[in-house]
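Overview (structure and organization)
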Amino acid sequence: MLKKLLIVIVAIFGVLLSVPTLVPGAAKYFPSWMHPISLGLDLKGGAQLLLEVDTKTMLEEKTAQLYDEVRSAMIDRSKGMIRFSGLKNVDGVVSFAVREEDDLSKAKGRLRSVLGDTVDISSSGNVISLSYSDKQKEEMIQDALARSIEIVRRRIDALGTKEPSIQSQGGKYILVQLPGVDNPEHIKDLIGKTAKMTFHLVNESAVQQAVSGAPAPAGTEYIDGLPIYSRVEVSGESLKDSQADFDQNNMPVVTTVFDAAGARRFAKLTTEHVNERFAIVLDGKILSAPTIREPIPGGRGQISGGFTVQGAKDLAVLLRSGALPAPLQVVEERTVGAGLGADTIAQGKVGCLVGVILIMLFMIIVYRVFGFIADIVLLVNLAMIIGVSALMGATLTLPGIAGIVLTLGMAVDANILPFERIRDEIRNGSTPLRAVDSGFNRSMKTVLDGELTNLICSLILFQFGAGPIRGFAVTLSIGVITTLFTCIWLSRVLIDFYMHGKNKKIGYVKK
């Protein structure tokens, strides 16, 4: 008795989970965790972006960093400077010549200790060459793709976009689906920004040269007409947090908080260069170049640059989510109108409704009272699929609706098997009660085999599929589990309640 009561309670709970989805406006009467199911791009409308990770630029930047690291290693006075010449970066290969032959092995050892196994180091005569192997490049590309996906996800979530679908595609592409987004331009701009921020000292002695258009001195570069030292004093990678705020004049600013290492470097910068300017560079453009009035030891900074309120919020989101490891290019953009999504929902409802009605009529005509019980189980199964999907945070798509319809068809089959077995048992002389018991017990193995096979197939689809295929696999998997519960346990409980321990005539069985 306790087992039957537990089965009924679980069924009622599953139906209640579906009420916020099936009854408009009912969600406000339920706890926040019992929410309506989220609709996918094809049902709700929205935007779809296909982004390409610019791996070529990323590899060029990696090689440029390698060039700087090699130069720093060779001129490191704390370890003893190694004399060299002809340092160059050509076609992804950094090379230089060691002047003293005795320093060749010393130079290679130092480079290996600094760079580890991240690059291949070779030598020919007194010339040392460093480059990334194909395997190392592929690892960097895959790492950049994974990091880009995570950063894009953080940026979109920070903007409050609900249920985005973000996944890799084709090795260097990222597919972003944004349900409910009518105008993707704002989001597209934020996603596409690399958000690489660095802090540099301003070379005041070269200001006149920058104005006159003269070449920049060694170790200096011009950005937006301002001469800054190429050396990065503090990197944006040291940022721990960033928020939009207002200054004393109620103007929008962006506050920054560095981690421990970044705070030390920032404190050192502001302590040693009081009354000097430093430039805050974001994606190759100067945000501002304030003068250091006093040391800032706490690791907290403030960026002002004539921001609007929205501009300050956007920059804070970008800095907080981190810099992209490689630039992203939008190679394809699609917009699905909400009206088209509404038409799809309406057609899906009609399709489901017609299918369910036909199935229910068939079951009643063929199996009479037992068919009516099977119809109740079918409706409970449908409600449980929707409710459990909403509870798990799954997104319903058009293929997902197809998965629900397919599940209902399989659920009917799971009811037909024991019913037909009951018919055979009665024809063989069993009493109705014994026939029901034997029919469910003997058909259970067949039902389990069929449903578990479907579950394995749906799990494979989820693992190796993408986009709509995964949505289909999710609803199919949930449907398999709810079908096993309703058709094996709930159906038996309802039939036992109908039989009430008596050998009642089973209408669809004729001897």
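Above this text is the structure in question.
Everything in this summary refers to the structure shown in the same document. Computed from a predicted model, the values in this text were never measured in an experiment.

1. Looking at the overall build of the protein chain
A count of helical and extended segments in the protein chain gives 13 helices and 19 strands. Taking 2.2 N^0.38 as the reference for a compact globule, 511 residues should give roughly 24 Å; the C-alpha atoms of the protein chain span a radius of gyration of 33 Å, well beyond that estimate. Principal-axis analysis of the C-alpha atoms places the extent of the protein chain at approximately 105 × 60 × 40 Å. Looking at the protein chain as a whole, 42% of its 511 residues qualify as buried. As presented, the protein chain carries roughly 26,800 Å² of accessible surface, and 57% of it is formed by carbon and sulfur atoms.

2. A short note on the nonpolar core
Counting 42 residues, the largest nonpolar core has Phe96 and Leu130 as the members making the most contacts within it. In terms of residue count, helix 5 (residues 134–158) provides more of this core than any other element does, eight residues in total. When near neighbours in sequence (up to four residues on either side) are disregarded, Leu130 contacts Leu66, Val70, Gly92, Val93, Val94, Phe96, Leu111, Leu115, Val119, Asp120 and Ile121. Core analysis: the second largest hydrophobic core is formed by 34 residues, Ile373, Ala374, Val380 and Val447 among them.

3. Digging into the packing of aromatic side chains
Between two aromatic rings, the relevant description is the distance of the centres plus the angle of the planes. Tallied over the full model, the rule gives 11 aromatic pairs. Geometrically, the ring pair formed by Phe199 and Phe266 is edge-to-face, given 5.9 Å between the ring centres and 70° between the ring planes. Taken as a pair, Phe199 in strand 9 (residues 197–201) and Phe266 in helix 8 (residues 260–272) lie far apart in primary sequence, 67 residues in all. Phe266 carries the same exposure label as Phe199, and that label is buried. Summarising the aromatic geometry, the rings of Phe370 and Tyr498 are spaced 6.3 Å apart at their centres and angled 85° between planes, so their arrangement reads as edge-to-face. You can see Phe370 sitting in helix 10 (residues 338–391) and its partner Tyr498 sitting in helix 13 (residues 468–499), a full 128 residues away along the chain. Taking the relative accessible area as the measure of exposure, Phe370 reaches 2% and is therefore buried. Judged by its relative accessible area of 26%, Tyr498 is partly exposed. A network of ring pairs unites the aromatic residues Phe199, Phe258, Phe266 and Phe278 as a single cluster.

4. Things to note about a nonpolar patch on the surface
Where nonpolar side chains cluster on the molecular surface, the patch consists of Val350, Leu353, Val354, Ile357, Leu358, Leu361 and Ile365 and spans about 680 Å² of accessible area. Structurally, Val350 is set in helix 10.

5. Re empty space enclosed by the protein
Per the stated rule, a full pass over the model turns up one cavity of 30 Å³ or more. As for the largest cavity, its lining consists of Ala414, Pro418, Phe440, Ser443, Met444, Val447, Cys487 and Ile488. Among the elements of the structure, helix 11 (398–427), helix 12 (432–464) and helix 13 are those that each provide at least two residues to the lining of the largest cavity. For the lining of the largest cavity, the element with the most residues is helix 12, which contributes four residues. Among the residues making up the lining of the largest cavity, the classes are represented as seven nonpolar, one polar and no charged.

6. A closer look at helix 4 (residues 104–115)
For helix 4, built from 12 residues, the straight-helix expectation of 16 Å at 1.5 Å per residue is met to within 8% by its first-to-last C-alpha distance of 16 Å. Here helix 4 has its buried residues at Leu104, Ala107, Arg110, Leu111 and Leu115. The arc that holds every buried residue of helix 4, seen down its axis, measures 130°, which confines them to one face. Of the residues in helix 4, the exposed ones pointing more than 90 degrees away from the buried face are Ser105 and Ser113. Just past helix 4, the residue Gly116 takes up positive phi, approximately 65°.

7. Section: the pattern of salt bridges
Overall, the coordinates contain 11 salt bridges when judged by the stated rule. The salt bridge involving Arg442 is made with Glu425; its shortest N-O contact spans 3.2 Å. Here Glu425 lies in helix 11 and Arg442 lies in helix 12, a separation of 17 residues in the sequence. Among the residues examined, Arg442 registers a relative accessible area of 53% and is labelled exposed. Overall, Glu425 belongs to the buried group, its relative accessible area being 7%. The residue Arg492 makes a salt bridge to Asp496 at a minimum N-O spacing of 3.3 Å. Taken together, the positions of Arg492 and Asp496, both in helix 13 and four residues apart, correspond to about one turn of that helix. Arg492 gets classed as buried once you look at its relative accessible area, which sits at 19%.

8. Remarks on the sheet that holds strand 17 (residues 300–303)
Across the sheet, which stays open at both edges, the three strands sit in the order 13-14-17 with antiparallel pairing between neighbours. Strand pairing shows two members of the sheet lacking a second neighbour, strand 13 (239–246) and strand 17, which therefore form its edges. Taken pair by pair, the neighbouring strands of this sheet meet at an average axis angle of 25°, ignoring direction.

9. Observations concerning the environment of Asp437
Structurally, Asp437 can be placed in helix 12. Each C-alpha atom of the pair Asp437 and Ala414 lies 16 Å from the other, and the pair is 23 residues apart in sequence.

10. What about unusual backbone geometry?
Negative phi characterises most residues that are not glycine, and trans characterises most peptide bonds. Even without being glycine, Asp224 reaches a positive phi, approximately 55°. Note that Asp224 resides in the loop between strand 10 (220–223) and strand 11 (226–229). Residue class for Asp224 comes out exposed when judged on its relative accessible area of 57%.

11. A word on the sheet that holds strand 2 (residues 46–53)
Read across the sheet, four strands follow the order 7-8-2-18 without closing on themselves; strand pairing throughout is antiparallel. Looking at strand neighbours, the two that pair on one side only are strand 7 (165–169) and strand 18 (328–336), the edges of this open sheet. Each neighbouring strand pair of the sheet contributes to a mean axis angle of 15°, computed without reference to strand direction. Sheet analysis places strand 7 next to strand 8 (residues 173–179), joined by five bridges and oriented antiparallel. Looking across to strand 8, one finds that Gln169 is bridged to Tyr173.

12. Concerning the packing of helix 3 (residues 55–74) against helix 4
The relative placement of two packed helices comes down to the angle between their axes together with the axis-to-axis distance. One can describe the packing of helix 3 onto helix 4 by two numbers: an axis separation of 10 Å at closest approach and a directional angle of 125°. Relative to helix 4, the element helix 3 lies oblique. In this structure, helix 3 crosses over helix 4, and the sense of that crossing is right-handed. Contact with helix 3, carried on its side by Leu66, Glu69, Val70, Ala73 and Met74, involves Ala107, Arg110, Leu111, Val114 and Leu115 of helix 4 and no other residues of that element. A class-by-class count of the residues in the contact of helix 3 with helix 4 yields eight nonpolar, no polar and two charged.

What counts, and where the lines are drawn
- Residues numbered from 1 in each chain as written.
- Predicted model: local features only at pLDDT ≥ 70, side-chain atom pairs only at ≥ 80, totals over all residues.
- Heavy atoms only, no water.
- Helix = DSSP H or I, 4+ residues; strand = E, 2+ residues; numbered from the N terminus.
- Rg over C-alpha atoms; globule rule 2.2 N^0.38 Å.
- Buried < 20%, exposed > 50% of the residue type's maximum accessible area, 1.4 Å probe, protein only.
- Areas by Shrake-Rupley, 256 points an atom, 1.4 Å probe, with all protein chains shown as cover.
- Core = buried A, V, L, I, M, F, W, Y, C linked by side-chain atoms within 4.5 Å.
- Contact = heavy atoms within 4.5 Å.
- Phe/Tyr/Trp six-rings, centres within 6.5 Å; stacked < 30°, edge-to-face > 60°.
- Patch = residues over 30% accessible without salt bridge, like charges linked within 9 Å, V, L, I, M, F, W, Y side chains within 5 Å.
- Salt bridge = Lys/Arg side-chain N within 4 Å of Asp/Glu carboxyl O.
- 1 Å grid on protein atoms, 1.4 Å probe; cavity = no way out; pocket = protein on both sides within 12 Å on 5 of 7 lines; lining within 4 Å.
- Points joined across faces, edges and corners; volume = space filled by probe spheres on them.
- Nonpolar A, V, L, I, M, F, W, Y, C, P; charged D, E, K, R; others polar.
- Expected span 1.5 Å × (residues − 1).
- Arc of directions from axis to C-beta.
- Pairing = 2+ DSSP bridges.
- Axes fitted to C-alpha atoms, helices over the stretch in contact; angles between N-to-C directions.
- Parallel < 35°, antiparallel > 145°, perpendicular 65-115°, else oblique.
- Left-handed = near helix turned anticlockwise from the far one by under 90°.

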